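Observations on the model geometry
What follows is the residue order along each chain.
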Amino acid sequence: HVQLVESGGGSVQPGMSLRLACVESVSIDEKRGDCMAWFRQRPGSQRESIAVAYTRSTYTYYADSVKGRFTISRDADKSTVYLQMNNLKPEDTGMYYCAAAVGWNEYCPTAIASFDRWGRGTQVTVS
């Protein structure tokens, strides 16, 4: 059994910060994701990747829209991935999902179809 659960969303004013967390729970016979990511779905838009981290190195990816403002990180035990969001803007409003990709040994993807496990999302509203 594998479960991803997000938390930390909320409503804030522009310029403020939020930190999202995603806990990945796995059974003893299941492997943790090799790549952990945060996706965002803005109202009326398709879901998009905004931050990705490879669990076996320091590699990270950020969408241009969040570079310099958002930071993805994880615990040493790899059970939790975070998204620190600073200087939030109204266009950051949306549903945020964490996701995990399994079987990636050299690099991480950004496409939705490449991720195998998904949380149910947490809402972020900036206004």
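Everything in this summary refers to the structure shown in the same document. These numbers were taken from a predicted model, which means no experiment stands behind them.

**Here we look at the environment of F39**
Considering the arrangement of structural elements, one finds F39 in strand β4 (residues 35-41). Each C-alpha atom, one on F39 and one on C98, is 6.2 Å from the other, the two residues being 59 residues apart in sequence.

**Some thoughts on the nonpolar core**
Counting 24 residues, the largest nonpolar core has W38, I50, F70, I72, L83, M85 and Y96 as the members making the most contacts within it. Counting only elements with at least two residues in this core, the list comes to β3 (18-26), β4, β5 (47-54), β7 (70-74), β8 (80-85), β9 (94-101) and β11 (122-126). I72 has contacts with M36, A37, W38, A51, V52, A53, T60, Y62, V81, Y82 and L83, leaving out every residue within four places of it along the chain. Listed in part, the 10 residues of the second largest apolar core include C35, Y54, A101 and C108.

**Considerations on the pairing of β3**
Taken together, the six bridges between strand β1 (residues 2-7) and β3 define a ladder with antiparallel strand orientation. If you follow Q3 over to β3, its bridge partner there is S25. Taken together, the six bridges between β3 and β8 define a ladder with antiparallel strand orientation. Across the sheet, residue V23 finds its bridge partner in β8, namely T80.

Reading the values: rules and limits
Residues numbered from 1 in each chain as written. Predicted model: local features only at pLDDT ≥ 70, side-chain atom pairs only at ≥ 80, totals over all residues. Heavy atoms only, no water. Helix = DSSP H or I, 4+ residues; strand = E, 2+ residues; numbered from the N terminus. Core = buried A, V, L, I, M, F, W, Y, C linked by side-chain atoms within 4.5 Å. Buried < 20%, exposed > 50% of the residue type's maximum accessible area, 1.4 Å probe, protein only. Contact = heavy atoms within 4.5 Å. Pairing = 2+ DSSP bridges.

Honestly, that's just the spatial picture; any functional story needs more than this.
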